[in-house]
Every structure is written in C-alpha cells, then in structure tokens.
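# Observations on chain architecture
What follows is each chain in one-letter form.
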Amino acid sequence: MTIILGLESSCDETAAALVSADGRILAHRLATQEEAHRPYGGVVPEIAARAHVEALAPLIEAALADADMTLADVDVIAATAGPGLIGGVMVGLVTGKALAHAAGKPLVAVNHLEGHALSPRLADQSLQFPYLLLLVSGGHCQLLHVKGPGDYARLATTIDDAAGEAFDKTAKLLGLGYPGGPRVEKAAASGNPKAVPLPRPLVGTAEPHFSFAGLKSAVMRAVQSGQYSTEDIAASFQQAVIDCLIDRTRKALERSEGVTALVVAGGVAANQPIRAALEKLAAAHDLPFVAPPLWLCTDNAAMIAWAGAERYAAGLVDDLTFPARPRWPL
Ligand code: KG4
Ligand code: ZN
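Residues numbered from 1 in each chain as written. Chains lettered and ligands numbered in written order. Predicted model: local features only at pLDDT ≥ 70, side-chain atom pairs only at ≥ 80, totals over all residues. Heavy atoms only, no water.

### Section: the site of ligand 1
Neighbouring ligand 1 are 17 residues, the closest being G138, D168, G181, E185 and D299. In this structure, an oxygen atom belonging to ligand 1 sits 3.4 Å away from a main-chain N or O atom of G139. Contacts to ligand 1 include V268, whose backbone N or O atom sits 3.5 Å from an oxygen atom. Alone, ligand 1 offers 550 Å² of accessible surface; in the complex the protein occludes 89% of this. Taken together, the elements giving at least two residues each to the shell around ligand 1 come down to α4 (112-123), α5 (163-173) and α6 (180-188). Taken together, the residues that form the shell around ligand 1 break down as four nonpolar, ten polar and three charged. Looking at the shell around ligand 1, you find at least three residues from each of domain 1 (3-117 + 296-313) and domain 2 (129-294). (Near = heavy atom within 4 Å. Polar contact = N/O pair within 3.5 Å; in protein donor to acceptor, adjacent residues only side chain to side chain. Areas by Shrake-Rupley, 256 points an atom, 1.4 Å probe, with all protein chains shown as cover. Helix = DSSP H or I, 4+ residues; strand = E, 2+ residues; numbered from the N terminus. Nonpolar A, V, L, I, M, F, W, Y, C, P; charged D, E, K, R; others polar. Domains from an automatic or database assignment.)

In structure tokens:
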C-alpha cells in the first residue's frame, strides 16, 4: 500500500501527516501558532515563517513515530506549494524537496486549495466525482465543480473579502480577538440573529459570486452605534453570511446537473450553523451533503497527504524545481 507523507505550512499551522492510498490516516500532527500571533490580532508573515522552521522537523519525526515508521516506509512526499504566505510555503516545500531528494521518493507539489477540495473524499470514501464544492476559508470563498484531481471548474468567487476574513474582521471589531471564526460562532449562539439589520451583498444576482466587504462595513457601523450587544451583532452577522452562502450556493446548484453531492470544505466549514443550513439546502435538492470532520476542515496535513495520494494515483508527480507559488488559483 502506497504511504504518503504530507506537509503543510502555508499559513499559521505547521503540520505533518501520514496517509495511505486507501484513505487511512496513520498519523497527523499539528502545531498552531495562535499564541505567537494573538498580540497582533492576525498572522504576521515573518513570525509565521520562523515558527514553521522550528516546528516542522519535530512534527515529521513525531508523525513517523506515531505510525511506527521511518522515512524508508514512505512512498511519496506531498508538500503544500501555495497559495499562502511565501515564507511559510517555502519552509514546507523545501523540506519536502529535501526529503524527496535524500530518500529518492517522488514529490507531489500540492495546491493548498486542492487539499481542502479533496479532503471530503478522505473523510467519506464513497464520495464520487463530480461534486459541487463550497470552499470557504480565511483566504477564499469559491464554488467549484470538482471533477477529479487537478480538474476543477470555478463557478464563482468573492469579489472582495473571503467569508473567513469577514468572520475574522468582525471578531476584531467586536473585540473578540484572534482567531475570529470560532469566537464569533460562540458569541452568536446567545444572540438574536434578527437584532441588527445588515445587508446581504449580491443576494439574488444571476452569477453566484460572493461579496462580504459591505457586510463588514455595516458591522462596523453597528458596533459604533453602541445600540447593540456583542452577541446580537455576532448572531446577525453570522445569519447574514449564512443567507449569502445559501443563496449563492442555491444558484450554483441550478447549474450543477449531474453532481453527486453538495460538499463544503475550508476553515469556515467548521461553523455548525453554516453546516446545518447547507445540509438543509442539499436535502431540498435531493443531494447528499458531505462535510469533513471539524479538524479536517481547518488547515492540516492529512488533507495535503490525501491530495498527494489522489494526484499520485492519477500519475501527477512534480519536479524538484517546482516553485513556491504564493498566488495559485485552482
Ligand atoms: O482553511 P483555514 O484553516 O485557513 C485558510 O486556508 O484560510 O481557514 C481559516 C478561516 C479563518 O478565517 C477562521 O476564522 C475561519 O476559517 N473559521 C471559522 C470557524 N473556524 C474557523 N469561521 C466561522 N466559524 C468557525 N467555527
Ligand atoms: Zn486552508
């Protein structure tokens, strides 16, 4: 059985994982840099790159030990090659290249977004191509037809902020701190989603694109008005995001004949009310709804190893000269 070592270092998580080609997760290790970035209220690229350098090698050793393996047992090295913060991406990619070269193993350079996009198939082996994917993370908000490894058609993207970015900025405005998404979700749980009138940008328009910048400005005005509680603003904001995601995804479903499922991936997919709303939408279209478990939604190396497995099985391997690509659309 082919064993893939996956490496992830594109943002503020350093991670190493071992996955088998039949979808068993043999080990997954992760070090978050949350504490290091918290004082700044967001990810500081230089701090991130240094922290990846310190964390990565011990994580690889720990993952190998967890699986009772050595590098000799690994068949393929998969490393995130972008998109992301260039310093961090370089750390994981160069480490992956060095291991591949030293051990004489093939390298698969993985697009981080493809890691998210294929992660639902690691969680649910019965999920077949093609599926409609809502990819919602800190840097991206897209609707994609996923037809196979390396084979994507983008139906829509955001014209300004990503959904996770909107969560993070709202958290900052509300003084909830970093990382924002889970904190806004928690505050929203005890708030009234109808308390604050907020816009639903682009809802009802023909193309299923997203926009969240106007929503963020409206949240800022609501905060400044002093009229509303933190919980009510959080709940109203979250509801506005849900309404946008659902309307846009419904539009995309109308153009998705033949898809096997509605799938959500990326960090924002960890949000329970968002998952619940998407599940309802899928049911209304007689489609199964697939979402990876929470830990597989946010950044991790198991999804990178799995994307490596899928690409390797499709004959897609990369040269050791493959460059780090800070910007790299799917
Ligand atoms: O995929 P991810 O871990 O990193 C990127 O590739 O961007 O996504 C991180 C994003 C952050 O913006 C974070 O605030 C958001 O996902 N997020 C959430 C939740 N957990 C993480 N947003 C809403 N609700 C959550 N529970
Ligand atoms: Zn991500």
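### Quick word on the domain arrangement of the protein
When cut into domains, the protein gives domain 1 (3-117 + 296-313) and domain 2 (129-294). Relative to domain 2, the C-alpha centre of domain 1 lies at a distance of 27 Å. Counting residues at the interface gives 18 residues for domain 1 and 21 residues for domain 2. Buried area between domain 1 and domain 2, summed over both chains or domains, comes out near 1,600 Å², and the portion from carbon and sulfur atoms is 62%. On the domain 1 side of the contact with domain 2, L113, A117 and C297 bury the most area, a combined 36% of that side's loss. Across the domain 1-domain 2 interface, the total number found is zero salt bridges. Sorting the residues of the side of domain 1 that touches domain 2 by element identifies α1 (34-37), α4, α10 (294-297) and α11 (302-313) as the ones contributing at least two each. Among the elements that line the side of domain 1 that touches domain 2, the one with the most residues is α4, at four residues. Residue composition of the side of domain 1 that touches domain 2, grouped by class: seven nonpolar, five polar and six charged. (Contact = heavy atoms within 4.5 Å. Buried area = accessible area lost by both parts, 1.4 Å probe. Salt bridge = Lys/Arg side-chain N within 4 Å of Asp/Glu carboxyl O.)

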